[in-house]
Amino acid sequence: MTFHKSLLLIAFTVITAVSCTKLVEVDPPITSPSSGTAYTSDALAASVLTGLYMKMAPNSYAQGNQGITLFAGLSADELQAYNQSGASFLNAYRNQLSTTFTTFWQQLYNSIYNANAALEGIAHSPGGMSDSVKKQLTGEAKFMRAFLHYYVINLYGDAPFLDTTDYLINATVKRTPKEQVYELIVADLKDAQNLLKGFYVTPTGASTTERFRPNKWTATALLARVYLYQGKWANAEAEATKLIENTTMHKLVPVLNDIFQRNSTEAIWQIQPLTKQNYTMDGLLFVRKSPPSAGFPADLHPEFLADFETGDQRKLNWVDSFTFNTVKYFYPSKYKVKTVAAADTGKPASECLTVFRLAEQYLIRAEARAQQNNTAGAAADLDVIRARAGLTPTTANDQVSLLDAIMHERRFELFTEWGHRWFDLKRTGRIDAVMSVFTPLKGGGEWSSSKALFPIPASEIQLNPNLAQNPGYN
Amino acid sequence: MRLIANFRFLPELPEKATGPGKRKPCSGSVIPKQMLRMTKIMKITTALFLVGCLQSMAAGYAQKVSLSEKDARIEKVFKEIRRQTGYQFLYTSKMVEHARKLTLDVNNAPLNDVLDKCFEEQPFTYEIKDKTIVIKSKPQPQQPAKQPDPPIDIKGRLVNDRGEPIPGASVSIKGTLTRVLTNVNGEFTLVGVEENAILQISHVQYEDAVINVNGSPLINATLVTRVSSLDETQVIAYGTVTKRLNSGNVYTIKSKDLSKQPVNNPLLAIQGRVPGLMIIQQTGVPGGGYEVLIRGRNSMTNGNSPLYVIDGVPYSDQLVPNSGGLATSSSFGNNSSTTPSPLNFLNLADIESIDVLKDADATAIYGTRAANGVIMITTRKGKAGKTSVDLNVYTGVGEVPKMMKLMNTEQYLEMRNEAFANDGATPGTLDHDVNGDWGNNRYTDWQKLMIGGKANYTDAQATVSGGSTNVQYLINGGYHKETTVYPGDFHNTRGSMHFNLNANSNNNRFKIQLTGSYTSSNIHLAATDFFHESRLYPNAPDLYDMNGKLNWENNTFSNPFANLLVASKQQVRNLVSNSKVSYELLKGLVLETSLGYTEQHFNDLKAIPKSSIRPNLPTIPNTAFGFNDKRTWLIEPQVKYRFSVSDAKFDILVGATIQENESIVNRINGQGYTDEKLMESMAGASALEPAYFFNAKYKYNAVFGRINYNWQEKYIVNLTARRDGTSRFGPESRFNNFGAVGAAWLFSNEEFVRNSFAALSFGKIRLSYGTTGNDQIDDYRFLDLYSFDDPSIPPVTVPYQGTNGLFPRNLYNSKLAWEVNKKAEAGLELGFLQDRFFVSGSYFRNRSTNQLISAPLPYTTGFSNIPINLPALVENTGWEVLVRTFNVKNKDFSWVSSINFTKQDNKLLEYPDLEKAPTLSRLYKVGYPITVKSVYDMIGVDPGTGLYIFRKADGTAPTSQPSVDDRTVLLNTDPRYFGGFQNTISYKNFELDFFFQFVKQLGRNPIYFNNLAPGIFSRFSPINWPVEILENRWQKDGDNAKIQKFTRNTGVPLDAYLAAQSSNYSWVDASYIRLKNISLSYRLPETWVKQMHLQNVRIYIQGQNLLTITDYNGMDPETQLSIPPLRVLTGGIAVGL
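Computed from a prediction, not measured in an experiment: that's the story for all the values here.

Enquirer: Quick question: what am I supposed to make of the sheet that holds strand β20 (residues 351-357) of chain B here?
Expert: Strand pairs in the sheet, formed through backbone hydrogen bonds, run parallel or antiparallel to each other. All names here are of chain B. Spatially, the five strands line up as an open sheet ordered β15-β20-β21-β18-β19, and their pairing is mixed. The open sheet terminates on both sides in strands that have one partner only, identified here as β15 (250-254) and β19 (313-315). Going across the sheet, the axis of each strand differs from the next one's by a mean of 25°, ignoring polarity. Bridge analysis of strand β18 (residues 307-310) against strand β21 (residues 374-379) gives four bridges, and the strand direction is parallel. Across the sheet, residue Leu 307 finds its bridge partner in β21, namely Val 374.

Enquirer: Could you clarify how one ought to interpret the pairing of strand β7 (residues 170-173) of chain B in this entry?
Expert: Here is the key point about a regular strand: its side chains alternate between the two faces of the sheet. Residue and element names in this part refer to chain B. Side chains Ser 170 and Ser 172 project from β7 onto one buried face, and the interleaved Val 171 and Ile 173 project onto a second face that is buried too. Across three bridges, the pairing between β7 and strand β8 (residues 179-181) is antiparallel. Across the sheet, Ser 172 pairs through a bridge with Arg 179, a residue of β8. Between β7 and β8, which pair antiparallel and follow one another directly, the connecting turn spans five residues, one of which, Gly 175, has a positive phi of 80°. Sheet topology places β7 next to strand β10 (residues 198-203); four bridges connect them, and they run antiparallel. Residue Ile 173 lies in a different strand from β10, and its bridge partner there is Leu 199.

Enquirer: Is there a simple way to explain the confidence of the model for chain B in this structure?
Expert: Residue and element names in this part refer to chain B. Within chain B, residue pLDDT values average 86, and 92% of them lie at 70 or more. Below a pLDDT of 50 lies the segment residues 1-32, which in the model reaches 63 contacts outside its immediate sequence neighbourhood of four places, other chains included. In the predicted structure, residues 34-60 sits below a pLDDT of 50 and forms 21 contacts with residues beyond four places in sequence or in another chain. Both scores are available for the predicted complex, with the pTM at 0.79 and the ipTM at 0.92.

Enquirer: Looking at this model, I keep getting lost on the environment of Asn 737 of chain B. Mind explaining?
Expert: Residues and elements named next belong to chain B. The topology assignment puts Asn 737 in strand β33 (residues 735-745). Residue Asn 737 is classed as partly exposed on the basis of its relative accessible area of 47%. Remark: the alpha-carbon pair of Asn 737 and Gly 367, spanning 370 residues in sequence, is separated by 7.5 Å. Setting aside residues no more than four positions away along its own chain, Asn 737 makes contact with Arg 722, Arg 723 and Thr 771. A polar atom in the side chain of Asn 737 sits 2.9 Å from the side chain of Arg 723.

So, how was this worked out
- Residues numbered from 1 in each chain as written.
- Chains lettered and ligands numbered in written order.
- Predicted model: local features only at pLDDT ≥ 70, side-chain atom pairs only at ≥ 80, totals over all residues.
- Heavy atoms only, no water.
- Pairing = 2+ DSSP bridges.
- Helix = DSSP H or I, 4+ residues; strand = E, 2+ residues; numbered from the N terminus.
- Axes fitted to C-alpha atoms, helices over the stretch in contact; angles between N-to-C directions.
- Buried < 20%, exposed > 50% of the residue type's maximum accessible area, 1.4 Å probe, protein only.
- pLDDT = per-residue confidence, 0-100.
- Contact = heavy atoms within 4.5 Å.
- Polar contact = N/O pair within 3.5 Å; in protein donor to acceptor, adjacent residues only side chain to side chain.

This is how it looks when you write it as structure tokens:
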């Protein structure tokens, strides 16, 4: 009996003496890591960045029926919508987006959170990660944060630049002037250039031929673009030159129809498809096989088609048509595959969504040179692109006419790619002149400058009193 | 009135001293030999159980006595006689003071002869009452004109059968007004008492007693505890208490009430019987779920289930954690949230009592888990005594009590043709019901075919129990099987084993107890609730073609019998076990540790073979496999100290809890089976696909304490406190304190009350207030988890660069904490005429705040919401009344009734910034119940258009297409009041029990249940209509109708119908009174039983849901949208060997 007695006493003392805190701590479930465990190995941490790229593969801000390409294209003088198209597409087409349109704001900030979570997680990694992978992933996350914010401010104007995951801060942020946001983007991109490798890598840093992760050159490409948008011509020229001169990594692809192929040498960053049924959502969206509907809402605008120069090979290679009831619909066909043929489902994707490509860098440098009055240099860069399109060298020979020529070239080289036209109109101040003609044509009534910015979601303004709505949407 | 005062029993009487003659050989037996042999075998088996456990308990007592004594003290002789016969002697030591010594030598002499010898020439005589030999003074011979003796002073002391002093007892002298009360030590003094005075003693808790003074100045008496239901044990958290002394609100149901019901779930057995406890059966499918609410809903978005505690170990009422779900959940009714109740995996026959703990005083010691009350389940324990073997078997049938009146083919086609006429249209190629594809003459009563079968019930239990004073044991084996009313061979079968072993040291200081229940259930149910299939169109095609294959009638309908080919199976193994070790270190100081372990394996599969898929559907044959495991272990060391300081009794408890739960969910889908026969195995699949995996851990840690102070059984104060920590909440609010104070005043123990209200036998006022918490949220909700999938990404077939992505899924909230529930209660309990009429009432007010909800966030945070604690305030108030009366109580006939009644109200008192959350502001309204339904205000049918019209909120013209803002009518769909009425009548060997349950509530009107308006035909989601929609329907312009016109048009008419579905017309009175249970049993007379060599035999019939009185126009007011609770009739026999 005394044995039992002492056993009980010992058990009792031991148990009550154990500190409570230890007893109520649990590790996150093995099936879902937390911020505390996701950054304990190279592979897991890399998966967080991979997740960011994966979010660009289905219909999202990056492509397809929720893409910036579609909405910016509809808003500008590029795409055409129909009465049969869904309400949000028609609203964008008529430059009348409503404050219930949340897609870009929601998705971009969600991805910005992921990038910040990765940055914080890697910085506070309790161990288990190699320095080289830490460096690479930090670079990728900084690049992504810059990339995402770039689209936020170009769609919405002044907007919060977020660099924390703290929801108490993020829920009450104010809008930051665009110029300041650009400075922060530049800082992130410079960091990314330093941290990232000069070749394409696998999630954990091994070299690969596949261009599915942003690297130093991707950061450089965006930096060149951002400098251009900022009017820092010399910087823009310098960054673009780095890319153009690095011919071992990137070269213009002479055959127009090969540019958007997987691992194309012109591509600076591509997104890998996640399914065997579809390669790009833009291909699925634009390649027309049925008359217009809410599911397939847009084609190239007749005015856009009419503006092609005669003999432009891009019109032949990048525009296709579909006839229904004698009506001919012209659609962009940079991506050829709508759905993968049954025979091809087992094969690797032949074409991939291209986020950055070298042709843009030539046009950036041309514009930067023109702005710096280097007309010869500008014309030379411009003619590289024109030559590939089967066009004769430009006739523009002074700064003004060259800038016009470059703008024209951008319109036909970069159409239905990431809203370039819409952003170009805005940054060059041409938007009012162009859209005051075009918006009435689209059935959108009178144009006003405030329509250059998309509305911030109404729910956002309601939940964060520090956020002000863009003019014209209250 | 039993007169035993001033007497004492000889010590250490065996609990059950059986009478003489018990071992008489039977004569004139009519029992067949086989049965005798069987009985013998059983007895041998029984004997085997006894080996090593029992001493000479089985030996009987004889009425013959053998004695050999010389000059023995009479007490010694009494003792010996008692030992041999079991007869008790009742006397005071004073009475035998002058007894002469005895010399006896008898052998096997009759008891009476021996007694006569003993009492020869003694100053006293004896009388035998029952089995007690009462010793009395010899009547004094009349003495002429003797001077009265001078008065004497008396000192006395009253104790109870445990030798404890009885304070507050009234001692009065018969025929005088003299009356005194005993002090704390049970002592009293009377001055100047006649020598032959008679003292009358009374006390609420003890039987009245009368003492003859007989000139003795010193009187010590033992009072016998009055047996009252108030003194039955109630199980409370970490202990027991009597109803009399409980300062909290606890309702106890004993196994005798549970066993009268042929049900498979303990919840069903207590439905309607407990004030304040609302149990809603979700479906009549065997094993289906229940909604269980103690005093309403406290939490707006999280769990409102009570905490279940089985023998001290918490038992989760959740089958699987998080949203993993079950592959087979559709088997348990149409509502996807309906999952089987884990309490099905307990055997009702293993339960000794169920205690429902409601107020803060009773529940606060369970801290974070007690906001919604506690249901304590105590399993059966072994008792010392002869080994007993009890068998109980019943069998019976169940059926759907009432079918709906649905349209026959003629009525249905009338409706359809009228719809075409109203629309000016003619049937098209897809209108198979009217275009001749199906023919117009076929009629099938689908209700009869789908749910008109008979469910069979079989239940068998065998218990062996017994033990010595040192070791007691109980083993029960059980089997329960229920089939369904569906076509096809479906069943829910459970086998179970329960055991209990108690041991204690000779000095009773060391005790150990081991209890366990293991059940194994095999559940094979239909893949659907055939309630739906019973609404097939009346002229729908035959189910089988001429070859006996499923008929799809050229893909024109969904053949409901396809569900018979789908396998939906579950295997559940459930272990609940605990052990308790205690040691009494000093008198009153007990160290105790309980250890608990529960384990549940829940495997399920749903196999959809090709033959069950409509040929033109793209569905791929597949099997979903689920493997779910749950484990809980618990250690609870405790110190209990009981002591008295002068008038006050203290009962102190200090303890700690360490608990850990682990759940694992694995779901896998298999495809590409070469043969349908292999579909229940993963091996037969050519492709296995991971579907869902989850692994959750939950840790819980607490210290707790309780101080119970009892002053003279008049004033009781009960303080409880708990400090809880759980892993479910953020590090900043992981720990919290809970506590309660309860107080009771037993005013019937006050002298002035006793003097003024003689009829009042019991009176108690209770008050309690305290805080409890609700932690019923998913694990890890505070943590910022990442997952390997994301809702924005469709299933990935080509991983990105060959690897998985990882996606942040929610925000981190380090402050996430529990919901807090503050409970206040006042109660009054009154017993009259020795508690023959007993009434108790309580008023409660529970306020829940810190509501754990998903608060909307701006997207800049990365997410649209975050789980936070919002200071929204939900109040539940209510009244509970319980009346119990012993209407008749005599030897042969007794009749006990009890009625309980609960009225409760739920109200959302505060919700900060509700208007800022548009979706929530449509759901909740401040000042209304949290279940409030905002519905359209329907005016009726527009005589012009023939469509339903609704009032607009802005006062503009009524419309058939109202918008969300027009939902202006707020409906309270909570039960308004409910209760039950029970009667137990026994006459000689018969006992009749019947129980009515009543609920006042609103329910869904079946006319507006459906997704399509009357007149529309849908090939694959068929819906036949109640006949009543034919009456008073709109047919022509100007009709003042109740039912809108039949039309096959979608658009406005369908919008109008769907709006009607969300209107005030869609809710009708669904109140009911139900004869929930009736039980009639007959105990075979002892003489017959003896002849059969048995202990007792009882035969019984039991009925469930035999009668429902309601105005509700659907199938059943309780389940409404699912198969109703079945009407069950069973018969059985219980035998004690």
